[in-house]
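# Summary of the model geometry
Below are the chains, spelled out letter by letter.
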Amino acid sequence: MCGIAGINSEDSRNLQKSSIVVEEMLKLLKSRGPDAKGRYISGSKKTILGHRRLSILDIDERSNQPFLSPDGRYALSYNGEIYNFKELRKKYFSNEVFTTESDTEVLLKLVTSKGLESLSLLRGMFSLALWDNLEETLTLIRDPYGIKPLYYVKNNLGFCFASQAKA
């Protein structure tokens, strides 16, 4: 199941308060992901990604999220399942070394090497938050059918999002 949450603020002075709020959001998502909890704070201190994990495909800690690209440019917090991730891995990355057996790592490699348009190759149900440290942009995406929910609001802290309304 998993759960994602986060805040993107225009002002890095909101970091302390945003950190507390994201922590509370993750507490509310615990039932969606009781196996692990993670947070990522961007280099600009303007964005926090949070994740609650339900370990299914790769139960090792190395698959915990948010997941970072090897070069540190991208951070990904993802909820869902990519049904064709093994086929995508074989087709596009057969000569590359992976550190996990997770669909998350394939998803991140796909986006970092082929761009956001590559998400059209995915078959599955998902919602995700992708932070780009170079461009300082946050991209939120969910599957075309909206199977995995994604809620958002803009308030005094900035742009807040979560995969469950109560968060």
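Here is a short report on the structure shown in this document.

The rules behind the values
- Residues numbered from 1 in each chain as written.
- Predicted model: local features only at pLDDT ≥ 70, side-chain atom pairs only at ≥ 80, totals over all residues.
- Heavy atoms only, no water.
- Helix = DSSP H or I, 4+ residues; strand = E, 2+ residues; numbered from the N terminus.
- Buried < 20%, exposed > 50% of the residue type's maximum accessible area, 1.4 Å probe, protein only.
- Contact = heavy atoms within 4.5 Å.
- Areas by Shrake-Rupley, 256 points an atom, 1.4 Å probe, with all protein chains shown as cover.
- Pairing = 2+ DSSP bridges.
- Phe/Tyr/Trp six-rings, centres within 6.5 Å; stacked < 30°, edge-to-face > 60°.
- Lys NZ or Arg CZ within 6 Å of the ring centre and 35° of its normal.

## Describing the overall build of the protein chain
Looking only at helices and strands, the protein chain has three helices and nine strands in total. If you list the helices and strands of the protein chain from N to C, you get β-α-β-β-β-β-α-α-β-β-β-β. Burial statistics for the protein chain: of 167 residues in total, 49% are counted as buried. The contacts of the protein chain with a sequence gap of at least 6 include a subset with a gap of at least 24, amounting to 58%. If you sum the accessible surface of the protein chain, you get close to 8,700 Å²; carbon and sulfur atoms cover 50% of it.

## Comments concerning unusual backbone geometry
Despite not being glycine, K45 shows a phi value in the positive range, around 65°. Assignment of secondary structure puts K45 in the loop between β2 (36-41) and β3 (47-53). Judged by relative accessible area, K45 falls into the partly exposed class, the value being 41%. Positive phi is not limited to glycine here, since E136 has a value of about 55°.

## Section: the pairing of strand β5 (residues 74-82)
Counting buried residues in β5 gives seven out of nine residues, a clear majority hidden from the surface. For strand β4 (residues 67-68) and β5, the ladder comprises two bridges, and the chain directions are antiparallel. Bridge assignment links L68 to a residue of β5, and that residue is A75. Counted along the chain from β4 to the antiparallel partner β5, the turn is five residues long, and its residue G72 has a positive phi close to 80°.

## A closer look at the sheet that holds β5
Ordered in space as β4-β5-β6-β7, the four strands form an open sheet in which the pairing is antiparallel. If you trace the sheet from one side to the other, it starts and ends with β4 and β7 (137-142), each paired once. Judged from the nine bridges that link them, β5 and strand β6 (residues 124-132) form a sheet pairing that is antiparallel. Directly across from I82, in β6, lies its bridge partner G124.

## Focus: the packing of aromatic side chains
Counted under the stated rule, the structure contains three aromatic pairs. Here Y92 and F93 contribute two aromatic rings whose centre-to-centre distance is 6.4 Å and whose plane-to-plane angle is 55°, an arrangement assigned as tilted. Of the residues examined, F93 reaches a relative accessible area of 4% and is grouped as buried. Judged by centre distance (6.1 Å) and plane angle (70°), the rings of F93 and F98 are edge-to-face. The same class applies to F93 as to F98, namely buried. An aromatic cluster is built from Y92, F93 and F98, whose rings are joined through pairwise contacts. The cationic tip of R89 hangs over the ring face of F98; the distance from NZ or CZ to the ring centre is 3.9 Å. In this structure, K109 packs its charged tip against the face of F98, placed 4.9 Å from the ring centre.

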